[in-house]
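# Coordinate inspection notes
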Amino acid sequence: MADNLPSEFDVIVIGTGLPESIIAAACSRSGQRVLHVDSRSYYGGNWASFSFSGILSWLKEHQENRDIVNEDPAWHEQILENEEAIALSRKDKTIQHVEVFCYASRDLHEEVEEAGALQKNHASVISENPTEAVHSAYLPSEDESLCTASCEMLTEQTPSSDLETALEINNVKVTGETKKHDDKTCMKSASEEETSKNVPTTEGTALQPKKTRITYSQIIKEGRRFNIDLVSKLLYSRGLLIDLLIKSNVSRYAEFKNITRILAFREGRVEQVPCSRADVFNSKQLTMVEKRMLMKFLTFCMEYEKHPEEYKAYEEITFSEYLKTQKLTPNLQYFVLHSIAMTSETASNTIDGLKATKNFLHCLGRYGNTPFLFPLYGQGELPQCFCSDSLPRNSSPSTKICFHQSSHFAWHFFQLTEHEFSPWMCAVFGGIYCLRHSVQCLVVDKESRKCKAIIDQFGQRIISKHFLVEDSYFSENTCSHVQYRQISRSVLITDRSILKTDSDQQISILTVPGEEPGTFAVRVIELCSSTMTCMKGTYLVHLTCTSSKTAREDLEPVVQKLFTPYPETETENEEVEKPRLLWALYFNMRDSSDVSRNSYNDLPSNVYVCSGPDSGLGNDNAVKQAETLFQLICPNEDFCPPPPNPEDIITDGDSLQSEASEASVILEANSETPKGSASLGNPEEASQ
């Protein structure tokens with residue numbers, strides 16, 4: 001029962017995103033009593049990763065979340081005369097404009113084995129009234145349109161003789177379609193319907209030999225091999241997060257893969273960019289003169305601060321204009337701007353561009369030939385790494401349970417209490433971790449104007465000195481003056497890489513410049529199956545940019561340039577230049593990273609706000625935010641120091657030690673954990 005929770009803590013953290021998890025770990029290591037809670041049933045919030053069935057359940061959960069009606073809460077009775085309450089929201093409004101499309105066919109005779117998957121009557125989700133373009137960086141209010149996939153339609157609800165039916169669900173039009181093509185059916189977007197009518201089909205096609213085709217049923221059956229990130233990021237090898245993982249020894253909970261190549265999109269073609277010294281001199285794309293020009297400029301960027309006379313006169317212009325003054329060919333200017341500095345023509349000034357280029361070069365070679373790492377099993381592992389900072393040594397045994405099946409940590413079994421306290425962040429350093437545990441309100445003392453407690457879903461009042469709250473938990477009243485930016489996101493499953501090579505295990509990053517002045521560049525990250533984020537024979541592709549419209553409007557033009565929808569029929573000798581799309585998801589995500597604390601209404605001084613993911617490539621913003629807030633709570637304390645040896649902590653006798661060994665039974669990881677994954681402890685070995 002919830003009343004078994006202790007009634008007092010030093011720090012209460014609401015939300016399990018990356019900043020909140022880092023802060024909870026840091027405070028626990030500093031001896032603070034930490035309560036870490038999340039109303040969700042999964043770790044990470046908008047930093048989470050999901051299996052394929054998990055992402056469908058997440059979509060359904062957001063549709064149900066939108067229908068929640070805030071009723072008059074019973075906790076009002078617990079607020080005393082000298083207190084007032086700050087109500088927290090029951091709705092998560094950080095995700096908008098969700099649209100799902102499935103292009104892969106599926107054999108009707110194959111059974112769906114993954115829970116939460118689409119049934120035989122597939123559905124593509126489109127807006128009934130498409131949102132008009134918004135020409136600023138701010139989207140319409142979150143209540144205006146949330147198109148969420150309702151992906152489960154029972155066969156009995158739609159007779160097989162009906163070729164088309166329509167459902168209206170909260171301003172979302174779900175179009176079901178069943179067509180027979182050699183016992184195959186395909187879920188298609190409305191824009192594809194006309195195209196499919198013109199595609200000739202012949203009887204007996206199924207009898208002809210064909211290339212192996214990936215069907216929707218295969219994706220569902222292999223759904224647990226997918227780890228689909230809500231936010232797409234990479235780790236700079238000398239970035240703040242890598243340094244923190246090494247310093248705190250939290251890196252022992254994760255494995256990483258090197259990004260193997262950096263790509264550029266020019267004149268309708270994808271090509272590889274030389275970035276290291278060896279790549280430059282081995283490149284066939286550059287002339288010998290260009291190679292010398294590029295090496296000279298990159299050498300200057302590594303120590304540009306020592307030569308202010310080279311850039312001082314150009315500080316007020318864009319980095320793109322500055323490159324034109326450096327005797328670089330258009331070819332080199334493009335590579336440096338979009339694939340090394342990873343910016344656009346208008347986004348960065350000269351100093352920002354030089355800093356970005358130096359950072360890129362500084363990170364080269366630490367763990368591989370590119371500056372970037374990617375965590376195996378997806379970005380959702382990182383919050384869990386900080387939550388698994390310590391294993392319980394004094395937990396009371398109950399049932400053994402396996403957490404978060406889409407995660408690498410699904411192979412770890414622990415003793416839990418009936419309260420679903422997670423062991424990730426507890427006993428040794430004094431923290432308690434609860435999922436599916438919502439907080440109704442913050443209790444504020446009228447006289448001191450400080451927050452003194454929370455009231456949870458069971459009506460328990462829990463006292464604390466400091467409160468950290470993820471932005472999405474605040475109500476509309478608290479955020480009425482906040483202007484949020486938005487991030488446009490797309491997740492694609494494809495059948496091959498955007499740049500085919502001898503190896504099918506490439507991990508790539510590509511920046512596609514905006515087509516028109518003022519539009520944002522789109523970052524593309526392509527993951528292969530060795531990252532443990534997708535099934536063999538497929539690639540998982542993430543597209544990200546700052547929003548100017550809905551996610552589909554922002555990103556679909558880039559998708560059309562790089563990919564082609566998976567055809568319903570294909571001939572034996574058909575050659576398709578572009579990778580085929582099997583499945584696509586579009587959504588907008590709130591970006592609260594630049595919101596000032598003063599924008600929130602009447603927050604007590606001991607209530608701190610943690611923002612969600614930003615649109616940047618790295619995680620430096622999350623680490624800086626966590627360290628800043630930690631110093632406010634624990635001034636003069638070391639931020640995430642290395643942990644002490646557990647043998648030095650547990651001194652209560654053999655009984656506790658034996659209990660601890662039972663409580664931390666760790667099954668051997670999946671036998672498919674790829675070889676060659678990077679260990680952060682030894683950069684030289686990892687690079688090899």
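Scroll up for the structure.
To start, this report covers the structure provided alongside it. Please read all numbers here as calculations on a predicted model, not as lab measurements.

## Quick look at the overall build of the protein
Of the regular secondary structure elements, the protein holds 16 helices and 31 strands. Burial status across the protein gives 57% buried among its 688 residues. Look at the contacts in the protein between residues 6 or more apart in sequence, and 75% of them connect residues 24 or more apart.

## So, the sheet that holds strand S4 (residues 83–87)
Taken in spatial order, the 4 strands line up as S4-S21-S22-S23 in an open sheet, and their pairing is antiparallel. In this open sheet, the two edge strands, each paired with only one partner strand, are S4 and strand S23 (461–463). Between one strand axis and the next, the sheet turns through 30° on average, direction left out of account. The sheet contact formed by strand S22 (residues 451–456) and S23 spans 3 bridges and is antiparallel. By the bridge assignment, isoleucine 454 is partnered in S23 with isoleucine 462.

## Concerning the packing of aromatic side chains
Per the counting criterion, the structure on display carries 17 aromatic pairs. Aromatic side chains phenylalanine 630 and phenylalanine 639 sit 5.5 Å apart centroid to centroid with 50° between the ring planes, which places their arrangement in the tilted category. For the pair shown, phenylalanine 630 and phenylalanine 639 are each scored as buried. Pairwise contacts between aromatic rings join Tyr42, Phe50, Trp58 and Phe587 into one cluster. Sitting above the plane of the tyrosine 334 ring, arginine 266 keeps its charged end 5.1 Å from the centroid. Over the ring of tyrosine 484 we find arginine 590, and its NZ or CZ is 4.0 Å from the ring centre.

## Details of the packing of helix H7 (residues 288–302) against helix H9 (residues 330–340)
At a closest axis distance of 10 Å, the pairing of H7 and H9 adopts a crossing angle of 40°. The angle between H7 and H9 places the two elements in the oblique class. Judged by the sense of rotation from one axis to the other, the crossing of H7 with H9 is right-handed. Two secondary-structure elements touch here, H7 through Glu290, Met293, Leu294, Phe297 and Leu298 and H9 through Asn331, Leu332, Val336 and Ile340. Here the residues of the contact of H7 with H9 are counted per class, giving 7 nonpolar, 1 polar and 1 charged.

Thresholds applied
- Residues numbered from 1 in each chain as written.
- Predicted model: local features only at pLDDT ≥ 70, side-chain atom pairs only at ≥ 80, totals over all residues.
- Heavy atoms only, no water.
- Helix = DSSP H or I, 4+ residues; strand = E, 2+ residues; numbered from the N terminus.
- Buried < 20%, exposed > 50% of the residue type's maximum accessible area, 1.4 Å probe, protein only.
- Contact = heavy atoms within 4.5 Å.
- Pairing = 2+ DSSP bridges.
- Axes fitted to C-alpha atoms, helices over the stretch in contact; angles between N-to-C directions.
- Phe/Tyr/Trp six-rings, centres within 6.5 Å; stacked < 30°, edge-to-face > 60°.
- Lys NZ or Arg CZ within 6 Å of the ring centre and 35° of its normal.
- Parallel < 35°, antiparallel > 145°, perpendicular 65-115°, else oblique.
- Left-handed = near helix turned anticlockwise from the far one by under 90°.
- Nonpolar A, V, L, I, M, F, W, Y, C, P; charged D, E, K, R; others polar.

Structural measurements only, silent on function.
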